[in-house]
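# An overview of the molecular structure
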Amino acid sequence: MVAVTEVGNRVADPAGQPARRLRRLVPALLVVGWLLGVGWRMWLSRHVPLPIAHTDEDSYLHTARALAGGPGGFSSENGPLRRVGYPLLISPAFLGERDFADSYRLVQLVNAAVNATVLPLAYLLLRRVVPVGRAVALAAAVAAATLPATVFYAGVAMIDAVLAPLVLAWLLAVHRWVRRPGALAAATAGALVGAFHLLHSRGLVIVGVHAGLVLLLFLRRRVGPAQVLAAVLPVLVLALLNEAVIRLLGDRVYLLGDPPGDGTVRAVASGPGLLRVGAAVATQLWYLVVITFGLAGVAWAGAVRLLLRRPTPAASPDPAAGPADEVGATRWTVGVALVTSVGVAAGASVILAGITGKPLDAIYGRYVQMLAPFWLLFGVGTLVTATPRQRWRRAAVAVGLLLAGATLIAARLAWVASRGHELRYGGFGAPDLMALTGGWREFRPFTGAAVGIAGCLLLVAGLRLRRWRLPVLAALVVVNLGTMQVITDRLVRPLVAATAPTPRVADLGVRPGDRVWASLGVQWVLRFNLSHQVTWADVRWFGDDPPADADVVFVRWAPGEPDDWDGTRYGFVRLGGNPEQRWAAWRRG
């Protein structure tokens, strides 16, 4: 058995009554699993009453509020990369008159409902692309749905909460289209690509990959002009929708971001610049291997072998599709996933390198996190269906990638440090890596490699035996649950404590109709979260002197310090605030 046939042959479910019972139970199990997933995500987000991921959350929330008919606000986006898909999705949370905390909780519910669809999508993908037996597919789908890279952003108003299920849905649509070409399948794949473009600028990579896929399928005469049109038209329609909504918003949402320009060109227009970008790309791909416990590396080894070898005929359980269709669709799907992974990592690295106003990141895995569930699933599938020799060869590839990546990252960190600089390292760069390595304040590449290697070897050893497959995957789920709990306790809750202003502005007597301004002297995160509580107006900023039309101002309260703001000079009366957080609310007397 060779690699190209191992993913083309369906692994038979155990015969007999238990298999038939499981087949009937699968839909119910997926529905119950989705409900439990929504509940678990909401439980994790119970500690987050206000945004903690600034300024991205602020931008999406202001745009969503404006789309719902309320006041606008600022956005940290720039014109060329501006997208409105996620604000459109969450805008119903801002309909009617409700407290911001209630709207924010509804946003989290929307996130949880969409994010939890990873479970049924993962099950369908694994059954169709590899495929494996139902029990293993269910267990692997739960592992993918609980992966911290999948779940983490569901608790905040970030677009990343919906991208992981969208990736799985898109690759599932690609597989369906290639396996059984048709206008509806082509339009479905195109609509999902258009949704990517509507949601985030990294969708440009997906659009490029989609265009290449359509062109190759046409040149190889697998699809005709009608299917090409069906695959392209939804992308164009959703791109036009993005522009139409932006025009509809007008200046109610004003942009503070700088468009990519000369800085991006300069970042890659030299040998050292290309090396920096290459190192950043390698770091993101290495990160995928670590957080999937080597499964991404195993999957890449299987994917490359699958792409380099021609499929051999094999029996197909589906009389409507021959073995070439089965394996060929998997080859195309895996090829698309590989190109997308490298493209997203490269695109993100180039854009981030061009932002010269802040230090470069030691690691920023946010952009590739959406691909982690697919590679985990494909890694499980290739281990289950491979021969013993293939399993250990692919494990060796994963181990090599982990060690080589750790060495490269350590060398990069040392080189930067030797020149008196340091790379930025923060909680939103790779929260799951921080939890797995204990690296809350420093990047630990070799610890990450050790975690990935240990996990990989245990998974390879456990998945080779049928009786151990479900317990091993269950253990992976337990690790995912524990990791998310560690992230919540060590990262999320401290961020909430540091960024949630107390008391609430409503408790100070700030009420609807008040014209509210915020001073630049208030720490920016607190200023943003104070402003969110003013749901009836866009809170603008001022320097020292309050605007003439201000009824209430949020200003710095620092007793005994030179920059303590004294509102009595302007006829204001202090309502209250929090001197420990260095802010106060004043009303014009």
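Residues numbered from 1 in each chain as written. Predicted model: local features only at pLDDT ≥ 70, side-chain atom pairs only at ≥ 80, totals over all residues. Heavy atoms only, no water.

On average, the protein chain scores 91 in pLDDT, and the residues at 70 or more come to 93%. Ignoring residues within four places in sequence, the model shows residues 1-5, a span with pLDDT below 50, making 20 contacts including any to other chains. Here residues 313-323 is a poorly scored stretch, pLDDT under 50, and it has 13 contacts once near neighbours within four places are set aside; other chains count. (pLDDT = per-residue confidence, 0-100. Contact = heavy atoms within 4.5 Å.)

Here we take up the sheet that holds strand S3 (residues 516-519). Taken in spatial order, the five strands line up as S4-S3-S5-S7-S6 in an open sheet, and their pairing is mixed. Each having just a single partner strand, strand S4 (540-542) and strand S6 (572-578) make up the two edges of the open sheet. Across the sheet, the axes of successive neighbouring strands diverge by a mean angle of 30°, strand direction being ignored. As defined by bridge partners, S6 adjoins strand S7 (residues 583-588) across six bridges and the pair is classed as antiparallel. If you follow Phe572 over to S7, its bridge partner there is Arg588. (Pairing = 2+ DSSP bridges. Helix = DSSP H or I, 4+ residues; strand = E, 2+ residues; numbered from the N terminus. Axes fitted to C-alpha atoms, helices over the stretch in contact; angles between N-to-C directions.)

Moving on: helix H15 (residues 295-308). Here H15 contains 14 residues, and its C-alpha end-to-end distance of 20 Å stays within 8% of the 20 Å for a straight helix at 1.5 Å per residue. When H15 is considered as a whole, its buried residues turn out to be Leu295, Ala296, Gly297, Val298, Ala299, Trp300, Ala301, Gly302, Ala303 and Leu306. (Expected span 1.5 Å × (residues − 1). Buried < 20%, exposed > 50% of the residue type's maximum accessible area, 1.4 Å probe, protein only.)

Attention now goes to unusual backbone geometry. Backbone torsion omega between His54 and Thr55 reads 10°, so that peptide bond is classified as cis. Note that Thr55 resides in the loop between helix H2 (17-44) and helix H3 (56-67). Look at the link from Val130 to Pro131: it is a cis peptide, with omega at -25°. Tracing the backbone through its elements, the reader meets Pro131 in the loop between helix H6 (118-129) and helix H7 (134-145). Unlike most non-glycine residues, Arg221 shows phi in positive territory, near 60°. Take Arg221: it is sitting in the loop between helix H11 (203-219) and helix H12 (225-249). Residue Arg221 is classed as exposed on the basis of its relative accessible area, which comes to 77%. The phi dihedral of Arg582 is positive, around 65°, even though this residue is not glycine. Structurally, Arg582 is set in the loop between S6 and S7. Exposure remark for Arg582: the relative accessible area of 29% places this residue in the partly exposed category.

Looking now at the pairing of S3. With three bridges joining them, S3 and strand S5 (residues 552-555) adopt parallel strand pairing. Residue pairing across strands places Trp517 opposite Val553, the latter belonging to S5. Here S3 runs beside S4; their pairing, made up of three bridges, is parallel. Paired with Trp517 across the strands is Arg540, a residue of S4.

Here Val237 lies in helix H12. Here Val237 falls in the partly exposed class, since its relative accessible area comes to 46%. As for Val237 and Ala191, which are separated by 46 residues in sequence, their C-alpha atoms are 8.9 Å apart.

Right, let's get into the pattern of salt bridges. Overall, the coordinates contain 13 salt bridges when judged by the stated rule. The partner of Asp551 in a salt bridge is Arg515, with the nearest N and O atoms 3.1 Å apart. You can see Asp551 sitting in the loop between S4 and S5 and its partner Arg515 sitting in the loop between helix H21 (466-499) and S3, a full 36 residues away along the chain. A relative accessible area of 45% places Arg515 in the partly exposed class. Across the salt bridge formed by Arg556 and Glu561, the nearest N and O atoms sit 3.2 Å from each other. Classification of Glu561 by relative accessible area gives partly exposed; the value is 29%. Salt bridges sharing common partners tie together Asp56, Asp160, Arg202 and Arg366. (Salt bridge = Lys/Arg side-chain N within 4 Å of Asp/Glu carboxyl O.)

It is worth spelling out the packing of aromatic side chains at this point. For the structure shown, the criterion picks out 21 aromatic pairs. Aromatic pair Phe374 and Phe378: ring centres 6.1 Å apart, planes at 10°, arrangement stacked. Of this pair, Phe374 and Phe378 both sit in helix H17 (residues 372-385), four residues apart, which is roughly one turn of that helix. When sorted by exposure, Phe374 lands in the same class as Phe378, which is buried. Members of the aromatic cluster, each reached through a chain of ring pairs, are Phe74, Trp524, Phe528 and Trp541. The ring of Trp43 carries Arg46 above its face, with NZ or CZ at 3.9 Å from the centroid. Note that Arg527 overlies the ring of Trp541, its terminal NZ or CZ placed 4.9 Å from the centroid. (Phe/Tyr/Trp six-rings, centres within 6.5 Å; stacked < 30°, edge-to-face > 60°. Lys NZ or Arg CZ within 6 Å of the ring centre and 35° of its normal.)

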